[in-house]
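Structural description and commentary
In case you want the letters, here they are:
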Amino acid sequence: MTSSTVMNYDIENDDSFTQPVGRWSVLYYGSGHMLNDITAACWFTYLLLFLTDIGLSPRGAAAVMLSGQIADGFATIFIGELIDRFGHFKIWHGAGSVLVAVSFSSVFGGCMPCRILSTSTLKVETISYCVFAAIFNVGWAATQVAHMSMVNCITLNSTSRVVLTSCRNAFTMVANLSLYAIAFIVFSVSTAKTHADLENQAYLAFYVINDLRMGQSAKALVPAIIYICSFIVSILLQEMAWTGQRLKAYYSAGGILWVFCGAGILILPMNMSAFMYVLAIFVGIANALMMVTGISMQNVLVGEDLSGCAFVCGTLSFLDKMSCGIAVYVLQSYQSMSPTVLDNNSSITSLTVLDNNSLISTSYISVTRFGLGLIPAICSLVSVAVTCTMKLHTPYSKPLVEPLLQ
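Predicted model, so just to flag it, every value in this text is computed and none were measured. (Residues numbered from 1 in each chain as written. Predicted model: local features only at pLDDT ≥ 70, side-chain atom pairs only at ≥ 80, totals over all residues. Heavy atoms only, no water.)

This next bit is on the overall build of the protein. Summing up its helical and strand segments, the protein has 14 helices and two strands in all. Residue pairs in contact within the protein that sit at least 24 positions apart in sequence constitute 82% of those at least 6 positions apart. For the protein, the accessible area works out to roughly 18,600 Å², and carbon and sulfur atoms hold 69% of it. (Helix = DSSP H or I, 4+ residues; strand = E, 2+ residues; numbered from the N terminus. Contact = heavy atoms within 4.5 Å. Areas by Shrake-Rupley, 256 points an atom, 1.4 Å probe, with all protein chains shown as cover.)

Let's shift gears to the packing of aromatic side chains. Think of a pair of aromatic rings as described by two things: how far the centres are apart, and how the planes are tilted against each other in angle. For the coordinates displayed, the defined rule picks out seven aromatic pairs. Ring geometry for F104 and F136: centres 5.7 Å apart, planes at 45°, overall tilted. Within this pair, whereas F104 is found in helix α5 (residues 89-108), its partner F136 is found in helix α7 (residues 122-154), the two being separated by 32 residues in sequence. For the pair shown, F104 and F136 are each scored as buried. Three or more aromatic residues joined by ring pairs form one cluster here, namely W43, F50, F104, F108, Y129 and F136. (Phe/Tyr/Trp six-rings, centres within 6.5 Å; stacked < 30°, edge-to-face > 60°. Buried < 20%, exposed > 50% of the residue type's maximum accessible area, 1.4 Å probe, protein only.)

The geometry of helix α10 (residues 218-237) relative to helix α12 (residues 276-302) is characterised by a closest axis approach of 7 Å and an angle of 40° between their N-to-C directions. Classified by the angle between their axes, α10 and α12 sit oblique to one another. When the axes of α10 and α12 are compared, the crossing they make is right-handed. When α10 is examined against α12, the residues A218, L221, V222, I225, I226, C229, S230, V233, S234 and L237 are found in contact with a partner set consisting of M276, Y277, A280, I281, V283, G284, I285, N287, A288, L289 and V292. For the contact of α10 with α12, the per-class residue count stands at 17 nonpolar, four polar and no charged. (Axes fitted to C-alpha atoms, helices over the stretch in contact; angles between N-to-C directions. Parallel < 35°, antiparallel > 145°, perpendicular 65-115°, else oblique. Left-handed = near helix turned anticlockwise from the far one by under 90°. Nonpolar A, V, L, I, M, F, W, Y, C, P; charged D, E, K, R; others polar.)

Put simply, helix α11 (residues 244-267) and α12 touch, their axes get as near as 8 Å, and they point 145° apart. Our pair here, α11 against α12, has a crossing hand that is left-handed. Grouping the constituent residues of the contact of α11 with α12 by class yields 16 nonpolar, seven polar and one charged.

Let us now look at the pattern of salt bridges. The final tally for this structure, using the stated rule, is two salt bridges. Close ionic contact of E81 with R85 constitutes a salt bridge, the shortest N to O distance being 3.2 Å. Taken as a pair, E81 and R85 lie in helix α4 (residues 58-86) at a separation of four residues, close to a single helical turn. A salt bridge links D211 to R369; the nearest nitrogen and oxygen atoms lie 3.4 Å apart. Here R369 lies in helix α14 (residues 367-388) and D211 lies in helix α9 (residues 203-211), a separation of 158 residues in the sequence. The residues D211 and R369 share a single accessibility class, namely buried. (Salt bridge = Lys/Arg side-chain N within 4 Å of Asp/Glu carboxyl O.)

With that settled, consider the environment of V151. By the element assignment, V151 lies in helix α7. You can call V151 buried: its relative accessible area is 1%. Taking C-alpha positions, V151 is 7.8 Å from T165, a pair spaced 14 residues apart along the chain. Residue contacts for V151: discarding those within four places in its chain leaves Y29, R161, L164 and N299.

The backbone of R213 shows a phi angle near 55°, a positive value even though the residue is not glycine. Tracing the backbone through its elements, the reader meets R213 in the loop between α9 and α10. Accessibility expressed as a relative area gives 44% for R213, which makes it partly exposed.

Before going further, it helps to spend a moment on the nonpolar core. Within the largest apolar cluster, 32 residues are counted, with the highest numbers of intra-cluster contacts made by L204, Y207, V208, V222, W258 and M276. Broken down by secondary-structure element, the contributors of at least two residues to this core are α9, α10, α11 and α12. It is α12 that contributes the most residues to this core, 11 residues altogether. Setting aside chain neighbours within four positions, we find L204 in contact with V222, P223, I226, M276 and L372. Within the second largest apolar cluster, 31 residues are counted, among which are A40, W43, M65 and V328. (Core = buried A, V, L, I, M, F, W, Y, C linked by side-chain atoms within 4.5 Å.)

A residue-level look at the protein finds 77% of positions with pLDDT of 70 or above and a mean pLDDT of 76. When pLDDT is averaged over each element of the protein, α11 comes out on top at 90 and strand β2 (residues 358-364) at the bottom at 38. When the criterion is pLDDT under 50, residues 337-364 qualifies, and its contacts beyond four places in sequence or with other chains add up to 48 contacts. Between residues 395-406, whose pLDDT stays under 50, and residues either more than four places distant or in other chains, the model counts 39 contacts. (pLDDT = per-residue confidence, 0-100.)

Examined against the element boundaries, T126 turns out to sit in helix α7. The exposure class of T126 is buried, given its relative accessible area of 19%. Apart from residues no more than four positions distant in its own chain, T126 is found in contact with L56, G60 and V64.

Okay, structure coming up:
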């Protein structure tokens, strides 16, 4: 008899699992993913900057990112199966957290194999960072899958599952804001050696600095607005009683909102760059709606059958990691090919070239606009269409013992 089977039997004979979860349990659970959150925020925001700054090409830096995403994607499925088979969520969570801490410092601490082998060739550096990126993401996957699937074993109450998920998302926003606060202080007191040192290579920062020509403060203010709005919405979502239909409705609302935000990002001209602050508010709201309800629908699909809950979390995460990794690799590969001269009154990049003694004027939309606006908007639209076809059943839907905002 597997640990999941035993767990199912215990839950079926213990009515306490259908009771609402208390405030402190929710807060303890929500804070359990913060190490993953803050390292992931730093990883996706500053890894490409760090790698290109030490000499790797944009494609080489993207290859490092892709190797980590591939390792993460496959690890989520494999680890999910092991957790379902052997249980021990806390052990997997703790072991993954240790691996994340050690490997993360190894990546940003420089090329360790280069020092051991007394070489600094570009090939050795790229392979070294690919390996440590893979190790980091394996540990990250173990922590994520254990933490996400733990929700289903803490309670069968559908409303409490949403509350746990929204609290987790709120702490994610706290972690991201903490990173940006630290980065803002560091960048403010340090002297940049090159222009690249001033621009982090997250696509949002590329967009506000290169495409909209906003001030340097915008690359901190715009993400901060997004995360603050997401945090507020995540807290508010904890106070609601949830059903399957309500989850679908709120997810669809977030997806449709993201479609409009993506369209705005795609066509926003530089002379209206201040409107980006308004878009940031709606992006933050849409992110929270989709993240909280999306993960909660995953928990609803698991329901009372806990025998494969970790595998379900791992499998769904696999698609997330692989698609994200491939998208970043493709976009980063073409990033250096994106024109940078913009018309102040247009969202389109204009390029004039001389071909056979004749001038040809061609217009391009920057790669950053595609990556930040078009691709998320299309994915949101597809996800809304899929969500509308889903049938969700929520047998347990009781309010919290203690509302978190009291």
